[in-house]
Amino acid sequence: MNLGRVIRHLFAPDWLVYRVFPRAALKRIGDAVRQSEASHRGELRVAIEAGIGLLPLLRGVTPRDRALDAFARLRVWDTEENGGVLIYLQLVDRDIEIVADRGISAKVAQAQWDAICHRMEEAFRARRFEQGVLEGIAEITTLLATHFPARRENPDELPDRPTVL
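First things first, this report covers the structure right here in the doc. All values derive from a computational prediction rather than experimental measurement. Residue numbering note: each chain is counted from 1, following its sequence as written. Predicted model: local features are reported for residues with pLDDT of at least 70 only, side-chain atom pairs are reported and counted for 80 or more only, and whole-chain, interface and lining totals are derived from all residues. Calculated side-chain values reflect all of the structure's heavy atoms, with hydrogen atoms and water omitted.

1. Overview of the side chain of E37
Heads up, the condition is: Each helix is a run of H or I in the DSSP string that is no shorter than four residues. Each strand is a run of E no shorter than two, and both are numbered from the N terminus. The rule is simple: take the accessible area with a 1.4 Å probe, protein chains only, and divide by the maximum for that residue type; under 20% is buried, over 50% is exposed, in between is partly exposed. Note that His is not counted, nor are the chain ends; the positive residues are Lys and Arg, and the negative ones are Asp and Glu. Salt bridges are defined as contacts in which a side-chain nitrogen from Lys or Arg sits within 4 Å of a carboxyl oxygen from Asp or Glu. Here, residues are in contact when the closest pair of their heavy atoms is within 4.5 Å.
As for its placement among the helices and strands, E37 is situated in helix α3 (residues 23-37). With no salt bridge to any partner, buried E37 finds its closest opposite charge in R34, at an N-O distance of 7.3 Å. Ignoring any residue separated from it by four or fewer positions in sequence, one finds E37 in contact with G42, E43, L44, N154, D156 and D160.

2. Looking at the nonpolar core
Test applied: Here the nonpolar core consists of buried residues drawn from Ala, Val, Leu, Ile, Met, Phe, Trp, Tyr and Cys, with membership extended through side-chain atoms lying within 4.5 Å.
Grouped together as the largest cluster of nonpolar side chains are 35 residues, with contacts concentrated most on F21, V85, I87, L89, W113, I137 and I140. At the level of secondary structure, the elements contributing two or more residues to this core comprise α2 (16-20), α3, β1 (43-49), β2 (84-90), β3 (95-100), α7 (110-125) and α8 (129-147). No other element matches the 6 residues that α8 contributes to this core. Beyond its immediate chain neighbours, meaning those up to four positions away, I87 contacts R45, V46, A47, I96, E97, I98, M120, I137 and I140. In terms of nonpolar packing, the next biggest core, distinct from the first, is built from 10 residues, A47, F71, L74 and V76 among them.

3. What to know about a positive patch on the surface
Rules: The residues that make up patches have over 30% relative accessible area and no salt bridge, and they are joined within 9 Å when like-charged or within 5 Å when they are Val, Leu, Ile, Met, Phe, Trp or Tyr. Each accessible area value is a Shrake-Rupley result obtained with a 1.4 Å probe; residue values ignore everything except the protein chains displayed when judging cover. The atoms used to mark charge sites are NZ of Lys, CZ of Arg, CG of Asp and CD of Glu.
A contiguous patch of positive charge, built from R8, R19, R94 and R127, is present on the exposed surface. Position of R19 among the secondary structure elements: in helix α2.

4. So, α3
Applicable threshold: Here a helix's expected span is defined as the number of its residues, less one, multiplied by 1.5 Å. Think of it as the arc spanned by the lines of direction from the helix axis to the C-beta atoms.
Spanning 15 residues, α3 covers 21 Å between terminal C-alpha atoms, matching the ideal 21 Å at 1.5 Å per step. All buried positions along α3 are accounted for by A25, L26, I29, G30, A32, V33, S36 and E37. End-on view of α3: buried residues confined to an arc of 155°, all on one side of the axis. Of the exposed residues in α3, the ones pointing more than 90 degrees away from its buried face are R23 and Q35. Those residues of α3 that are buried lie in contact with α2, β1, α8 and β4 (163-164).

These results come straight from atomic positions and should not be treated as a statement about function.
This is the structure we're talking about:
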């Protein structure tokens, strides 16, 4: 257990999310998700979390663990073609995780998701938070349009607006 990490999380206010991503930015991110999904059959979700609670921290929960938990809780797996993708932003740990459902994971290697995460993290280090997310969505859109192009029937199965955890 890293005491510094525990303290940083415990003193991170929930409103930190809205300081980094004001409501107008969240709307633009949701609009980008909606536009993205018009070009492929995948479903994108964006989940943003400021700090993690004490019990998960004491158990040593990692940002990847939190992303997998959010993937399940937000039901990103619950799409007809197993085509859900979660972009999870952990602000205190400054970590970004992308979790893809099995329909997409079969065609897109984890290394490609990791590369997108790293580029987003670079934008975040430069304090270009919204732009980093929008660029990540654009890269994911290109991957999904290649492997899961849109069809005439292309239902919107998951909410487009980012979720604040």
